[in-house]
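What follows is the residue order along each chain.
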Amino acid sequence: MTLLQLGNCVALAYSPLLIAYRRSSLSEYNAFWRCVQAGATYLFVQLCKMLFLATFFPTWDASVGVYDFVGEFMKSTVDLADLVGLHLVMSRNAGKGDYKIMVAAMGWATAELVMSRCIPLWVGARGIEFDWKYIQISFDSNISLIHYIAMAALVWMFSRYDLPKHYRLPVAALLGLSVYKAFLMESAINIFAVGSWTALLVKALVTGGVSLSTLLLYISLVHGTLLYISLVHGN
């Protein structure tokens, strides 16, 4: 039973990453090591974030059991470094936009899964008693994959020099929501005292809404650019 629970949790957490890699253009370009490099960039960015928080942000002394709004807001603000890291990864990879986005997102999501969820799954999911929180951890890793794909797409669109002006505001707003989403979610959870499954469902819905909006903007931008190029060459 212990091995079955561990196997289910690991399969639920890692299978979407494997499917996304195999079904995207990454497998065609043999981009495995590019994804590994993106993961290494993720580790470097997280180290810089921790050093920055420890050095420049003061420690907020909150009472026991009280949610630290100031500290969590600071952590979310430092998450802006993730946007810089994603842009750095994509700028170092030549290819189409979708290829750059998937390399950055896959490396980021995989590194986060290994560093923040692998040990809890390995230690906790092997316990004698079954606990739903490890299934929730696996589901949360799937949500994170979608989140990073959307975030990488937003960074790619925002960094384009030919991005139309009417795209900048919605792209910037979605980027801000992506960065501060965790802070807003945690604040709402602590204010309304919702359960873990409800919080996971809300997180999935918010991530899905941001991702769908990003997809619509991406399709509109790419198709508009292709139409413009075809018209120019046609003339």
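Scroll up to find the structure.
Residues numbered from 1 in each chain as written. Predicted model: local features only at pLDDT ≥ 70, side-chain atom pairs only at ≥ 80, totals over all residues. Heavy atoms only, no water.

## Things to note about the overall build of the protein
Working step 1: Along the backbone of the protein there are 9 helices and 0 strands.
Working step 2: Along the protein, helices and strands appear, N-terminal first, in the series α-α-α-α-α-α-α-α-α.
Working step 3: For the protein, the proportion of its 235 residues judged to be buried stands at 39%.
Working step 4: Taking the contacts inside the protein whose residues are at least 6 apart along the sequence as the reference set, 78% of them involve residues at least 24 apart.
Working step 5: When the accessible surface of the protein is summed, it comes to about 13900 Å², and 69% of that surface belongs to carbon and sulfur atoms. (Helix = DSSP H or I, 4+ residues; strand = E, 2+ residues; numbered from the N terminus. Buried < 20%, exposed > 50% of the residue type's maximum accessible area, 1.4 Å probe, protein only. Contact = heavy atoms within 4.5 Å. Areas by Shrake-Rupley, 256 points an atom, 1.4 Å probe, with all protein chains shown as cover.)

## Things to note about the packing of helix H7 (residues 132–158) against helix H8 (residues 165–192)
Working step 1: Remark: H7 packs on H8, axes separated minimally by 10 Å, with the N-to-C direction vectors making an angle of 145 degrees. Seen along the crossing, H7 lies across H8 with a hand that is left-handed. Touching His147, Met151, Leu154, Val155, Met157 and Phe158 of H7 are Arg168, Val171, Ala172, Leu174, Leu175, Ser178, Val179 and Lys181, all from H8.
Working step 2: Here the contact of H7 with H8 is composed, by residue class, of 10 nonpolar, 2 polar and 2 charged. (Axes fitted to C-alpha atoms, helices over the stretch in contact; angles between N-to-C directions. Left-handed = near helix turned anticlockwise from the far one by under 90°. Nonpolar A, V, L, I, M, F, W, Y, C, P; charged D, E, K, R; others polar.)

## A word on the packing of helix H3 (residues 69–78) against H8
Working step 1: Orientation of H3 relative to H8, taken along the N-to-C sense of each, is 160 degrees, at an axis distance of 8 Å. What the angle tells us is that H3 and H8 run roughly antiparallel. The chirality of how H3 crosses H8 is right-handed. Of the residues in H8, those touching H3 at Phe69, Glu72, Phe73, Ser76 and Thr77 are Val179, Tyr180, Phe183, Ser187 and Ile191.
Working step 2: Of the residues belonging to the contact of H3 with H8, the class tally is 6 nonpolar, 3 polar and 1 charged. (Parallel < 35°, antiparallel > 145°, perpendicular 65-115°, else oblique.)

## Comments concerning the pattern of salt bridges
Working step 1: Tallied over the full model, the rule gives 6 salt bridges.
Working step 2: When the shortest N-O distance is used, the salt bridge between Asp140 and Arg117 registers 2.5 Å. Note that Asp140 is positioned in helix H7 and Arg117 in the loop between helix H5 (97–116) and helix H6 (118–124), a separation of 23 residues in sequence. You'll find Asp140 and Arg117 in the same group, each marked buried.
Working step 3: Lys203 serves as the salt-bridge partner of Asp140, at 2.6 Å between the closest nitrogen and oxygen. (Salt bridge = Lys/Arg side-chain N within 4 Å of Asp/Glu carboxyl O.)

## Quick notes on a nonpolar patch on the surface
Working step 1: On the surface, a nonpolar cluster with roughly 420 Å² of combined accessible area is contributed by Phe69, Ile191, Phe192 and Val194.
Working step 2: Structurally, Phe69 can be placed in helix H3.
Working step 3: Accessibility expressed as a relative area gives 38% for Phe69, which makes it partly exposed. (Patch = residues over 30% accessible without salt bridge, like charges linked within 9 Å, V, L, I, M, F, W, Y side chains within 5 Å.)

## What to know about H5
Spacing of three or four residues puts side chains on the same side of an α-helix, whose turn is 3.6 residues.
Working step 1: Taking 1.5 Å of rise per residue, 20 residues should cover 28 Å, and H5 covers 28 Å from first to last C-alpha, within 8% of that figure.
Working step 2: Taking burial as the measure, the 20 residues of H5 include 15 buried ones, the bulk of the element. (Expected span 1.5 Å × (residues − 1).)

## Thoughts on the packing of aromatic side chains
Working step 1: Counted according to the given criterion, the structure contains 7 aromatic pairs.
Working step 2: Ring centres of Phe73 and Phe183 lie 5.5 Å apart, and the angle between their planes is 70 degrees; on these two criteria the pair is classed as edge-to-face. Pair noted here: Phe73 is in helix H3 and Phe183 is in helix H8, with a separation of 110 residues, a long-range link.
Working step 3: By the ring-pair criterion, three or more aromatic residues cluster together here, those being Phe73, Tyr180 and Phe183.
Working step 4: Between the NZ or CZ atom of Arg168 and the centre of the ring of Phe158, over which it lies, the distance is 5.7 Å. (Phe/Tyr/Trp six-rings, centres within 6.5 Å; stacked < 30°, edge-to-face > 60°. Lys NZ or Arg CZ within 6 Å of the ring centre and 35° of its normal.)

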